[in-house]
Amino acid sequence: MTVKIRNTTPEDEAAWRGLWAQYLTYYKVDLAPEVTANTWARAHDPKSPMRIRLAVEGDTVLGFAVHLHHPSTWVMGEDCYLEDLFVSPDARGKGVGRALIADLQALAKANGWHRLYWHTDEGNATARRLYDSITPSDGHVRYRLKL
């Protein structure tokens, strides 16, 4: 399998939306269509720090990583947050998720960002096996207030 990792282009919207719909289904989330449209638009807005990286083999999009960089109070610079990672079921177990994370790690280093971090659902054993093989959990617990 020869996987290429790259930023999305406007032509990738339909393929990304297909994977995004699968991602939302997995997490049992029903987002309003305008939220998805806004996510896509922000990822292509030069003023936004949000981007989407795609894992592609030939003409087939296998997975995506939505990430953004931001200032940090813990370093003199910026961190990279991997907000969403998804690999199509047909491509799982073939190193695509690992390739997307390695790509973000290289991108972060190239941009002088200090850390790459992410979180996942506690019960997502498949993702956690991958993540645990890359780096140990830092032990943080997340809290979220909906406003």
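Just above sits the structure.
Each value, and the rule that gives it
Residues numbered from 1 in each chain as written. Predicted model: local features only at pLDDT ≥ 70, side-chain atom pairs only at ≥ 80, totals over all residues. Heavy atoms only, no water. Helix = DSSP H or I, 4+ residues; strand = E, 2+ residues; numbered from the N terminus. Rg over C-alpha atoms; globule rule 2.2 N^0.38 Å. Buried < 20%, exposed > 50% of the residue type's maximum accessible area, 1.4 Å probe, protein only. Contact = heavy atoms within 4.5 Å. Lys, Arg positive; Asp, Glu negative; His and termini not counted. Charge placed at Lys NZ, Arg CZ, Asp CG, Glu CD. Pairing = 2+ DSSP bridges. Axes fitted to C-alpha atoms, helices over the stretch in contact; angles between N-to-C directions. Arc of directions from axis to C-beta. Parallel < 35°, antiparallel > 145°, perpendicular 65-115°, else oblique. Left-handed = near helix turned anticlockwise from the far one by under 90°. Nonpolar A, V, L, I, M, F, W, Y, C, P; charged D, E, K, R; others polar. Phe/Tyr/Trp six-rings, centres within 6.5 Å; stacked < 30°, edge-to-face > 60°.

### Details of the overall build of the protein chain
Line of reasoning, step 1. For the protein chain, the count of helices and strands is 4 helices and 5 strands.
Line of reasoning, step 2. The helix and strand sequence of the protein chain, counted from the amino end, reads β-α-α-β-β-β-α-β-α.
Line of reasoning, step 3. A compact globule built from 147 residues would reach a C-alpha radius of gyration of about 15 Å, and the protein chain, at 15 Å, matches this within 12%.
Line of reasoning, step 4. Referenced to the eigenvectors of the C-alpha coordinate spread, the extents of the protein chain come out at roughly 40 × 35 × 35 Å.
Line of reasoning, step 5. Taking all 147 residues of the protein chain together, the buried fraction comes to 35%.
Line of reasoning, step 6. Across the protein chain, every contact between residues at least 6 apart in sequence was considered, and the portion connecting residues at least 24 apart equals 55%.
Line of reasoning, step 7. The averaged location of the 18 negative side-chain charges in the protein chain is 3 Å from the averaged location of its 18 positive side-chain charges.

### Notes on the sheet that holds strand 3 (residues 60-71)
Where strands meet in a sheet, backbone hydrogen bonds hold them as pairs that are either parallel or antiparallel.
Line of reasoning, step 1. Taken together, the 5 strands give an open sheet; going across it, the order is 1-2-3-4-5, and neighbouring strands pair in mixed fashion. Each end of this open sheet is capped by a strand with a single partner; those strands are strand 1 (4-7) and strand 5 (115-117). Averaged over all neighbouring strand pairs, the angle between strand axes comes to 25 degrees, with direction disregarded.
Line of reasoning, step 2. As defined by bridge partners, strand 1 adjoins strand 2 (residues 50-57) across 4 bridges and the pair is classed as antiparallel. Paired with Arg6 across the bridge in strand 2 is Leu54.

### Re helix 2 (residues 33-43)
Line of reasoning, step 1. Listed in full, the buried residues belonging to helix 2 are Thr36, Thr39, Trp40 and Ala43. Down the axis of helix 2, the buried set is contained in an arc of 95 degrees. They therefore lie on one face.
Line of reasoning, step 2. Those residues of helix 2 hidden inside the fold are in contact with helix 1 (13-26) and strand 2.

### Some details on the packing of helix 3 (residues 96-110) against helix 4 (residues 125-134)
Line of reasoning, step 1. The N-to-C vectors of helix 3 and helix 4 enclose an angle of 45 degrees; their axes lie 11 Å apart at closest approach. For the element pair helix 3 / helix 4, the angle class is oblique. Crossing of helix 3 against helix 4: the hand is right-handed. Seen from helix 3, the contacting residues are Gly97, Arg98 and Ile101; seen from helix 4, they are Leu130, Tyr131, Ser133 and Ile134.
Line of reasoning, step 2. Of the residues contributing to the contact of helix 3 with helix 4, the split by class is 4 nonpolar, 2 polar and 1 charged.

### Structural notes on the packing of aromatic side chains
Line of reasoning, step 1. Scanning all chains against the criterion turns up 12 aromatic pairs.
Line of reasoning, step 2. Seen in terms of ring centroids, Trp20 and Phe64 are 5.9 Å apart; in terms of plane orientation they differ by 45 degrees. Their pairing is tilted. A residue pair is termed long-range when its members are at least 10 positions apart, and Trp20 in helix 1 and Phe64 in strand 3 qualify at 44 residues.
Line of reasoning, step 3. The class for Phe64 is buried, based on a relative accessible area of 0%.

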